[in-house]
Each structure stands twice: as structure tokens, then as C-alpha cells.
Amino acid sequence: MSSISQFAGGRLTLPARFIPVSTSYTIPVAGLYRVGAVGAGGGAGAIGKSTAACGATGGGGAGYAESEARFEAGTVLTIVVGAAGAGGISTVDGTGVSGGAGGTTTVSGVGISLSATGGGAGLTISATTGTIAGGAGGVGSGGNINNATGGAGGSLTMNNAGRSATGGGAPGSPYGTGGRGGNIAVSGSSASIGTGAGAVGGYRGGDVSGACPNSTGTGGGGTGSNGGDLATVGYSSAGGRNGAGVVAAVSADGIARTTAPTFDSIIAPFYAQSGGGGVGGYNGSGWLDGGPGGGGGGMSNSGAAYGYGGSMRGPGGGGGGTANNTSGATGSAGANGLVTIERIGL
């Protein structure tokens with residue numbers, strides 16, 4: 001008599017189940033499962049200042065952990081999903097507010113213990129000189145297949161009279177450490193500068209260095225290369241190349257997704273993450289959303305008191321910083337954590 005497993009080549013699989021909230025999950029059918037966990041992204045700093053210089057950095061991307069394990073039917077997995085780090089909200093002229101750290105995601109039960117910590121918070125500065133770090137990347141642990149660290153938010157070294165904001169980091173993934181946000185290290189400038197965010201797979205957002213006399217936004221990382229840099233003079237808004245070789249902050253297959261899908265696949269979903277980093281913006285211009293899993297770009301001098309990040313695309317990406325030329329500013333929140341559970345064999 002024929003069996004289902006014969007026709008499945010000896011491997012009976014089930015589509016991935018996405019678990020975005022803390023809960024208990026009971027394994028429905030015995031078999032080999034793949035479990036992935038990503039923490040929550042860190043929130044970005046924000047500062048509004050009507051005079052002189054100020055800056056804010058992006059939040060860190062979350063850690064990632066993954067295991068394959070055989071479970072008996074009825075095995076209960078306890079799942080805690082990390083909450084996104086809040087973006088800073090500045091309402092007093094010249095007073096910055098740091099973002100919030102992302103929460104830790106865990107999966108525990110017989111035969112499994114995963115932990116993916118959240119990304120760190122972005123910071124602010126209200127001075128013409130000084131250095132602040134971006135939010136640190138989260139850490140994955142306990143996985144027997146993958147443990148990966150998130151990318152940091154971009155760092156900022158001030159030696160100028162402008163307003164500067166860096167992009168957030170991307171989460172860790174099956175492709176390794178997430179990309180960092182673009183760094184800023186300029187001198188003798190009153191330009192408004194926003195850098196791009198990191199991408200899945202370790203590709204960073206574009207950096208800005210040197211004199212930089214012109215206001216600018218740099219590219220977010222793609223899933224195939226780093227974002228475009230800007231050194232000394234000029235303007236670069238190019239994203240890194242994605243998996244299809246296209247210079248863009250869209251998915252690795254080259255398709256632009258302008259709504260909010262977090263994944264492209266219900267089979268091995270974390271392997272289908274394709275998030276390019278959001279592009280940095282200035283003076284209210286620039287496309288700032290990242291792709292699935294990418295961080296959010298930084299926004300400087302928006303005039304509208306907002307910076308926009310990658311939290312719509314998620315999961316685990318760090319928010320982009322906001323440095324504004326008014327007395328109010330809102331940094332981007334990070335993205336929430338997530339757990340996926342997928343039966344991959346008998």
C-alpha cells in the first residue's frame with residue numbers, strides 16, 4: 001500500500017508557520033523541524049535643533065539563531081518574541097532623545113533553546129564636535145545551524161555645523177552578520193547628511209567622509225554589495241546591488257515591494273530574506289524604506305520633524321536616526337522580532 005511519505009521522497013514537509021507574538025506552540029506532527037528566531041531592532045535617536053549642529057544615530061539590527069531538531073507530536077515550545085525598540089521623540093529644542101533597545105526573542109523546549117537579542121539604541125549629540133556610536137547589533141545563540149549578529153547603526157563623528165543622521169543596521173540571518181548603517185565623519189561643513197542603512201548578508205549603507213560641502217543622502221546596502229559612498233564632495237543615492245544585480249534597495253529578486261510584506265516565501269522563509277537597506281535622506285527628500293529585513297535610512301533636516309525607517313519591512317531591522325532643523329524630531333522605531341517553525345522532514 002502506498003504512503004504519503006513515498007510520494008514525498010521520504011520527506012514530509014509543512015509550510016512555515018510565522019509567530020509574531022509571545023505564545024506557546026504545540027508541535028502537531030512528529031518530524032524534523034527548522035526553527036528560526038530573530039530579535040527586535042533597536043530604535044533610532046532623534047534631535048531637533050533650530051540653531052547650530054546636531055546629530056542622531058540609527059538603531060542596531062537584531063541577532064538571529066536557527067536550529068534543526070526532531071520533535072515528537074505534542075511537544076510544547078515556549079516562545080517569547082522581542083518588541084521593537086521605540087524611536088526617540090524630541091520635543092525640546094536642542095535636547096536629543098535616544099531610541100530604545102530591541103527586545104530578545106527566545107524559543108525553548110525539549111531539544112531546543114534559542115536566543116536572539118535585540119539591537120541596541122541609537123544616540124544623539126548636540127554639539128559641533130564629538131563622536132557617538134550607532135546602536136550595537138544583537139547576538140544569536142543556541143542554534144545548531146546558524147547564530148548571527150546584527151549590524152550596528154551607523155556611527156557619527158561631528159566636526160561641523162550641520163545636521164547629520166545615520167541609518168540603522170540589518171538583522172543577522174542565515175547569510176551571516178547583518179550590514180551596518182552608513183557612518184558619517186565630516187569636517188568643516190554645514191551640510192545636512194543622512195546615510196543609508198545596512199542590508200541582509202553583511203552589506204553596509206553608504207558612508208560620508210571629508211569636507212562634504214553639499215547636503216546629501218547616501219545609498220542603502222543591497223543584498224549583493226555595499227551602498228554608494230560619498231567622499232569629500234558630490235551626491236550619491238545609489239543602493240547596493242541586490243541578488244539580481246540591480247542597484248536598488250528592493251528585494252534580491254529585483255522586484256520592488258512598496259507595501260509591507262516581511263517575507264517572500266513560506267518555505268525556508270529566513271533564507272528568502274532579501275532586504276536592502278533604506279536610502280538616507282536630507283531636506284525631506286529621499287526614499288528611506290528598506291526591503292524585507294533591511295534597516296531604515298537616516299533623515300536630516302526634514303523640516304517635517306520625522307525620520308522614516310525600516311520597521312514596516314522587518315523583522316529585526318534597526319530604525320534610522322533623525323536630526324532636524326526644527327525644535328521637534330521623531331526617530332524611527334526598530335522592527336519587531338519573529339519566530340518561524342517549519343517541518344522539513346520525517
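First, a word on scope: everything that follows refers to the structure included in this document. (Residues numbered from 1 in each chain as written. Predicted model: local features only at pLDDT ≥ 70, side-chain atom pairs only at ≥ 80, totals over all residues. Heavy atoms only, no water.)

**Section: the sheet that holds strand β26 (residues 338-345)**
Inclusion rule: Here, strands pair whenever DSSP counts at least two bridges between them. The helix and strand labels rest on DSSP assignments: H or I over at least four residues marks a helix, E over at least two residues marks a strand, and numbering proceeds from the N terminus. In this analysis an axis means a line fitted to C-alpha atoms, helices contributing only their contacting stretch, and an angle means the value between N-to-C directions, from 0 to 180 degrees.
Strands sit in the order β1-β26-β3-β6-β14 across an open sheet of five strands; the sheet is antiparallel. Only two strands of the sheet have a single neighbouring strand rather than two, namely β1 (17-19) and β14 (146-148). Between one strand and the next, the sheet's axes are offset by a mean angle of 20°, whatever the strand orientation. Bridge count for strand β6 (residues 64-71) against β14 is three bridges, and the pairing is antiparallel. The residue of β14 that forms the bridge with A65 is N147.

**Points about the packing of aromatic side chains**
Put simply, the rule is: The pairing test for Phe, Tyr and Trp rings, Trp by its six-membered ring, is centres within 6.5 Å, and the orientation test on the planes gives stacked under 30 degrees, edge-to-face over 60, and tilted for anything in between.
Enumeration according to the criterion identifies two aromatic pairs in this entry. Judged by centre distance (5.8 Å) and plane angle (45°), the rings of Y33 and F71 are tilted. Within this pair, whereas Y33 is found in strand β3 (residues 31-38), its partner F71 is found in strand β6, the two being separated by 38 residues in sequence.

**Describing the side chain of D207**
The condition that has to hold: Definition of a polar contact: a pair of N or O atoms within 3.5 Å, with one able to donate and the other able to accept a hydrogen when the atoms are protein atoms, and with sequence-neighbouring residues admitted only if both atoms are side-chain atoms. Here, two residues are considered to be in contact whenever any of their heavy atoms come within 4.5 Å of each other.
Mapping D207 onto the fold places it in the loop between β18 (192-194) and β19 (208-210). Side-chain polar atoms of D207 contact the backbone nitrogen of N183, separated by 2.7 Å. Ignoring any residue separated from it by four or fewer positions in sequence, one finds D207 in contact with R180, G182, N183, T218, G228, D229 and L230.

**Brief notes about the sheet that holds strand β4 (residues 46-48)**
An order of β4-β24-β23-β22 is seen for the four strands of this open sheet, with the pairing classed as parallel. The open sheet has two free edges, formed respectively by β4 and β22 (281-282), since each of these has just one partner strand. Across two bridges, strand β23 (residues 299-300) lies against strand β24 (residues 322-324) in parallel orientation. Bridge assignment links M299 to a residue of β24, and that residue is T322.

**Observations concerning the environment of A56**
For A56, the location among the structural elements is in strand β5 (residues 54-56). Spatially, the C-alpha atom of A56 lies 9.4 Å from that of G167, the residues being 111 residues apart in sequence.

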